[in-house]
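Results of the structural survey
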Amino acid sequence: MKSKVFNYLKLFFVLVFSAAFFSISAQEEIEIGIDEQLGNMIPMETEFFTSEGDTVTLNEAIDKPFLLALVYYECPDICSPLLTELAWVVDKVDLVPNEDFQVVSLSFDHRENPAIAKRWKKNYFTGIKRNFPDDAWTFLTGDSSNIRKITDAVGFKFKPNEDLYLHAGALIAISPKGKVTRYIFGNTYNPFDIKTDSEGNCYVY
């Protein structure tokens, strides 16, 4: 009997140790990158600052399917090409801005402010040739707590590195109610593959 109990206890500790080991390993694997959270709901009541300095919630700024770009505006690496490509895509896509879709750029650097967002918004809007309403692409900044609510909800993992950040690049398609519906990685997109479905979800294939 004692031998059997000992074996059970030994098995229990092996399982606990293994679970802890794989949990730590999983956390290390996604310390920087994207842990996809398809179907997850982001907190649409979270408050941010617009490029004009106004305080808004995502619910107030967004009422259509939208593409979310998590970036920081003064990034010297992938954020600028990503936003440049995004500006090109929204210029070409066969959808009507503010009727079929919207775009949100959110800086995950809490040190950035509305003035920085405004400068970069002007920069990217310069490249858009079609009639694209100003409020169809919202550039946001915020405090670290509210930024973290969004990045956690979509599984976006980033890490400070001196004055910069280590991070991945992606567009995240989100429904009007805040459901994560699609990820597209990298900074090359096809405007003909951005669609909305009958439920108002925005997809990027």
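If you're wondering where the values come from, they're calculated on a predicted model, not measured in any experiment. (Residues numbered from 1 in each chain as written. Predicted model: local features only at pLDDT ≥ 70, side-chain atom pairs only at ≥ 80, totals over all residues. Heavy atoms only, no water.)

Attention now moves to the environment of I174. Turning to its location among the elements, I174 is positioned in strand 10 (residues 170–174). With 136 residues separating them along the chain, I174 and L38 place their C-alpha atoms 9.5 Å apart. (Helix = DSSP H or I, 4+ residues; strand = E, 2+ residues; numbered from the N terminus.)

So, about the environment of I172. With respect to the secondary-structure elements, I172 resides in strand 10. Residue classification places I172 among the buried residues on the basis of a relative accessible area of 1%. For the pair I172 and L38, spaced 134 residues apart in sequence, the C-alpha to C-alpha distance is 9.7 Å. (Buried < 20%, exposed > 50% of the residue type's maximum accessible area, 1.4 Å probe, protein only.)

Turning next to the confidence of the model for the chain. Taken residue by residue, the chain gives an average pLDDT of 83. The fraction at 70 or more is 78%. Long-range and interchain partners of residues 2–27, a stretch whose pLDDT sits below 50, account for zero contacts in this model, where long-range means more than four residues apart. (pLDDT = per-residue confidence, 0-100. Contact = heavy atoms within 4.5 Å.)

Okay, the packing of aromatic side chains next. Across all of its chains, the model carries 15 aromatic pairs by this definition. An aromatic cluster of three or more residues is present, and its members are Y73, F101, W120, Y124, F125, F132, W137 and F139. (Phe/Tyr/Trp six-rings, centres within 6.5 Å; stacked < 30°, edge-to-face > 60°.)

This part takes up helix 3 (residues 79–92). Its 14 residues place the ends of helix 3 20 Å apart at the C-alpha level, agreeing with the 20 Å of an ideal helix rising 1.5 Å per residue. Of the residues making up helix 3, those classed as buried are C79, L82, L83, E85, L86, A87, V89, V90 and D91. (Expected span 1.5 Å × (residues − 1).)

The next subject is the sheet that holds strand 10. Pairing between sheet strands relies on hydrogen bonds along the backbone, with the strands arranged either parallel or antiparallel. Strand order across the open sheet formed by seven strands is 3-2-6-5-4-10-11, with mixed pairing between neighbours. The two strands at the open ends of the sheet, each matched to only one other strand, are strand 3 (55–57) and strand 11 (180–185). Strand-to-strand twist in this sheet, taken as the mean axis angle between neighbours without regard to direction, amounts to 35°. Inspection of the sheet shows strand 4 (residues 66–71) paired to strand 10 by four bridges, in the antiparallel sense. Each residue of the ladder has a partner; that of F66, found in strand 10, is I174. In this fold helix 4 (residues 114–125) packs onto strand 2 (47–50) and strand 6 (137–141), with an angle of close to 155° to the strand it touches most, strand 6. (Pairing = 2+ DSSP bridges. Axes fitted to C-alpha atoms, helices over the stretch in contact; angles between N-to-C directions.)

Counting residues in each nonpolar core, the largest one holds 57 residues, and the members touching the most others are I42, L68, L83, L86, W137 and V154. Residue assignment for this core shows that the elements contributing at least two residues are strand 4, helix 3, strand 5 (102–107), helix 4, strand 6, helix 5 (144–154), strand 10 and strand 11. Per-element tally for this core: the top contributor is helix 3, with seven residues. Here W137 is in contact with L83, L86, A87, V90, V103, V104, S105, K121, Y124, F125, I128 and F132, once residues within four sequence places are set aside. (Core = buried A, V, L, I, M, F, W, Y, C linked by side-chain atoms within 4.5 Å.)

Before going further, it helps to spend a moment on the pattern of salt bridges. Going through the model one piece at a time under the given rule, you end up with six salt bridges. Across the pair E52 and K118 runs a salt bridge whose closest N-O atoms are separated by 3.7 Å. With a gap of 66 residues between them, E52 in the loop between strand 2 and strand 3 and K118 in helix 4 connect regions that are remote in the sequence. Note that K121 and D134 form a salt bridge whose closest N and O atoms lie 3.3 Å from each other. With K121 in helix 4 and D134 in the loop between helix 4 and strand 6, this pair connects stretches of sequence that are 13 residues apart. Judged by its relative accessible area of 9%, K121 falls in the buried class. (Salt bridge = Lys/Arg side-chain N within 4 Å of Asp/Glu carboxyl O.)

With that settled, consider the state of the cysteines. Under the defined criterion, the tally for this structure stands at zero disulfides. Unpaired in terms of disulfides, C75 finds its nearest cysteine sulfur in C79, a separation of 3.4 Å. Taking relative accessible area as the criterion, C79 reaches 2% and is therefore assigned buried. (Disulfide = S-S within 2.5 Å.)

With the exception of glycine, the majority of residues adopt a negative phi angle, and the majority of peptide bonds are in the trans configuration. If you check the backbone angles, N98 has positive phi at about 75° while not being a glycine. As for its position among the elements, N98 is in the loop between helix 3 and strand 5. When its relative accessible area of 21% is taken as the criterion, N98 is described as partly exposed. Within the chain, E162 stands out as a residue other than glycine whose phi angle is a positive 60°. Here E162 lies in the loop between strand 8 (159–161) and strand 9 (164–166).

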